[in-house]
Amino acid sequence: MASLVGVFAASHGPMIAREWDTLSAPTRGAVTEGFERVGQRLMATRPDVLVIVSPDHWCNFFLNNFPAFCVGIGEEHDGPPEPFLKHRFNHPVLAGHPGLARHIMDTALERDFDPSMSHRLTLDHGFCLPLWRMEIDPIPPIIPIVVNEVDDPMPTMRRCLAWGSMLRQAIESYPQQLRVAVLATGGLSHFIGEPGMGQIDEAFDRTCISLFKNGDPAKLAQERTAIRDALQGIRFTGVTGENTCFNADRDAQLPGFVIEIKDLKWNLFDSWPADGCP
């Protein structure tokens with residue numbers, strides 16, 4: 001049977017690649033040290049397969065078709081399309097593992113999930129930037145799993161927790177002898193497209209990390225409250241204004257915007273107020 005040999009998490013902030021050559025030496029050194037440490041720990045598990053969980057940044061899906069979960073089941077996947085990354089991470093094609101990927105897909109369906117599947121995904125910075133900075137070499141076969149964290153409606157925390165439990169069951173029930181590691185990538189506090197883009201809210205991030213370390217699935221409601229309380233301490237700037245309100249499920253409600261980004265310019269097509277806000 002396959003075994004789960006390690007679970008890791010890392011940032012995939014695109015500005016790490018875009019601004020790499022202009023970062024100060026201390027900042028570049030700190031980023032390098034952090035990623036290398038995670039990379040060394042990951043490779044020490046000697047994975048035969050690496051499952052990477054990340055959102056898709058409109059490289060494979062757009063508003064007309066955006067699944068909550070998608071499993072990449074192909075023999076191969078395409079490397080990053082972003083010019084700022086593909087010249088640094090020279091892997092135009094990355095190997096997949098169809099056998100385990102299809103087993104994950106089948107297990108998800110048996111557990112009453114309804115994910116989509118793709119025989120060939122384009123792996124953007126969400127998947128590839130951590131591999132670049134961790135200096136993973138050789139890169140084991142990858143099973144990419146896309147989770148929609150980009151646009152509403154998104155899967156709930158409860159659903160994501162159940163998905164994680166299902167993923168472990170799928171790995172450990174796969175009949176082939178494989179060592180499987182999981183890498184989740186993303187960010188915690190975000191200020192995308194706002195004046196504070198690139199900054200973080202350390203207090204909020206540490207709240208999330210403490211919940212990752214100590215969270216009890218039976219106390220999911222309390223954990224959601226803790227994250228909500230941390231969110232309420234953040235000053236939202238730019239297009240979102242300064243106020244954040246929360247619905248009955250304690251999810252943050254923010255205004256919606258439809259924009260076009262073309263030739264480095266942002267064009268606003270439509271907007272609407274946040275649901276549940278006065």
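This one's a predicted model, so the numbers in the text were calculated from it and none came from an experiment.

Taking 1.5 Å of rise per residue, the 20 residues of helix 2 (residues 25-44) would be expected to cover 28 Å, and the 28 Å separating its terminal C-alpha atoms lies within 8% of that figure. Taken residue by residue, helix 2 has Thr32, Phe35, Gly39 and Leu42 as its buried positions. The arc that holds the buried residues of helix 2, viewed along the axis, is 95°, so those residues lie on one side. Opposite the buried face of helix 2, by more than 90 degrees, sit the exposed residues Pro26, Glu33, Gln40, Arg41 and Ala44. The elements touched by buried residues of helix 2 are strand 1 (3-11), helix 1 (15-18), strand 2 (49-54) and helix 5 (125-134).

What follows concerns the environment of Ile171. Among the secondary structure elements, Ile171 is positioned in helix 6 (residues 157-172). Through-space distance from the C-alpha of Ile171 to that of Met1 is 8.5 Å; in sequence the pair is 170 residues apart. Those residues in contact with Ile171 that lie beyond four places of it in its chain are Ala2, Ser3, Leu4, Leu100, Val180 and Val182.

Together, Trp58, Phe62, Leu63 and Val150 make up an exposed nonpolar region whose accessible area comes to about 360 Å². As for its placement among the helices and strands, Trp58 is situated in the loop between strand 2 and strand 3 (69-72). Classification of Trp58 as partly exposed rests on a relative accessible area of 39%.

Below, the discussion takes up unusual backbone geometry. The general pattern is negative phi for most residues beyond glycine and trans for most peptide bonds. Following Asp137, the chain continues into Pro138 via a peptide bond in cis, with omega recorded as 0°. With respect to the helices and strands, the residue Pro138 is situated in the loop between helix 5 and strand 7 (142-147). At Asp112, a residue that is not glycine, the phi angle is positive and equals roughly 70°. Examined against the element boundaries, Asp112 turns out to sit in the loop between helix 4 (98-110) and strand 6 (116-118). For Asp112, a relative accessible area of 60% translates into the label exposed.

Our next topic: the nonpolar core. Ranked by internal contacts, the top residues of the largest apolar core, which has 28 residues, are Leu131, Trp132 and Leu183. If you list the elements that add at least two residues to this core, you get strand 1, helix 1, helix 2, strand 2, helix 5, strand 7 and strand 8 (179-186). The dominant element in this core, judged by the number of residues it contributes, is helix 5, at six residues. Each residue touching Leu131, except ones within four places of it in the same chain, is listed here: Leu50, Ile52, Phe89, Ile136, Ile139, Ile142 and Leu183. Core analysis: the next-biggest nonpolar cluster, separate from the first, contains 25 residues, Ala2, Ile143, Val147 and Leu167 among them.

With that settled, the discussion passes to the side chain of Arg133. Looking at where Arg133 falls in the secondary structure, it is placed in helix 5. Although Arg133 is buried, it makes no salt bridge; Glu135 carries the closest opposite charge, 4.6 Å away.

Here strand 8 lies mainly inside the structure; six of its eight residues are buried. With eight bridges joining them, strand 1 and strand 8 adopt parallel strand pairing. By the bridge assignment, Gly6 is partnered in strand 8 with Ala181. In this structure, strand 2 lies alongside strand 8, joined through five bridges in parallel fashion. Following the sheet pairing, Ile52 is matched in strand 8 by Leu183.

Moving on: the pattern of salt bridges. Following the criterion strictly, the structure yields eight salt bridges and no others. A salt bridge links Glu172 to Arg168, with the nearest nitrogen and oxygen atoms 3.0 Å apart. One end of the pair is Glu172 and the other is Arg168, both in helix 6 and four residues apart, which spans about a single turn. Accessibility expressed as a relative area gives 35% for Glu172, which makes it partly exposed. The structure contains a network of salt bridges with shared partners spanning Glu76, Asp78 and Arg120.

Structurally, the position occupied by Cys128 is in helix 5. Among the residues examined, Cys128 registers a relative accessible area of 0% and is labelled buried. Considered as a pair, Cys128 and Pro80 are 48 residues apart in the sequence and their alpha carbons are 6.6 Å apart.

With that settled, consider the packing of helix 2 against helix 5. The interhelical angle for the contact between helix 2 and helix 5, taken along N-to-C directions, is 95°, at an axis separation of 8 Å. On the basis of their axis angle, the class for helix 2 and helix 5 is roughly perpendicular. In this structure, helix 2 contributes Thr32, Phe35, Glu36, Val38, Gly39 and Leu42 to the contact, and helix 5 contributes Leu129, Pro130, Arg133 and Met134.

So, on to the side chain of Thr45. Position of Thr45 relative to the elements: it lies in the loop between helix 2 and strand 2. The exposure class of Thr45 is buried, given its relative accessible area of 10%. At 2.5 Å, the side chain of Thr45 forms a polar contact with the backbone oxygen of Leu42. With near-sequence residues (within four places) excluded, Thr45 lies in contact with Val5, Gly6, Phe8, Arg179 and Ala181.

Here is what the cut-offs are and how they apply
Within each chain, residues carry numbers counting from 1 in the order of the written sequence. Since the coordinates come from a predicted model, pLDDT governs what is reported: local features require at least 70, and pairs of side-chain atoms require 80 or more to be given and counted, while whole-chain, interface and lining totals use all residues. Values shown for side chains rest on all heavy atoms present in the structure; no hydrogens or waters enter the calculation. Runs of E in the DSSP output that reach at least two residues are strands. Runs of H or I that reach at least four are helices, and both are numbered from the N terminus. Each helix should span, by expectation, one fewer than its residue count multiplied by 1.5 Å. We call a residue buried when its accessible area falls under 20% of the maximum for its residue type, exposed when it is over 50%, and partly exposed in between, using a 1.4 Å probe and counting protein chains only. It is the directions from the helix axis to the C-beta atoms whose arc is reported. Residues count as neighbours in contact if any of their non-hydrogen atoms are within 4.5 Å of one another. Two distance rules govern patches: like charges are joined within 9 Å, and nonpolar side chains (Val, Leu, Ile, Met, Phe, Trp, Tyr) within 5 Å, applied only to residues with over 30% relative accessible area and no salt bridge. To be clear on the numbers: accessible area is Shrake-Rupley with a 1.4 Å probe, and residue cover counts the displayed protein chains and nothing else. Salt bridges are defined as contacts in which a side-chain nitrogen from Lys or Arg sits within 4 Å of a carboxyl oxygen from Asp or Glu. To qualify as a nonpolar core, a set must consist of buried Ala, Val, Leu, Ile, Met, Phe, Trp, Tyr and Cys residues joined through side-chain atoms within 4.5 Å. In this count, Lys and Arg are taken as positive residues and Asp and Glu as negative ones, while His and the chain termini are left out. Whether two strands pair depends on DSSP finding at least two bridges between them. Lines fitted to C-alpha atoms define the axes here, with helix axes fitted over just the stretch in contact, and angles between the N-to-C directions of these axes take values from 0 to 180 degrees. If an angle is under 35 degrees, it is roughly parallel; if it is over 145, roughly antiparallel; if it lies from 65 to 115, roughly perpendicular; otherwise it is oblique. Two N or O atoms count as a polar contact when they lie within 3.5 Å, although within protein this holds only if one can serve as hydrogen donor and the other as acceptor, and sequence-adjacent residues are included solely when both atoms are side-chain atoms.

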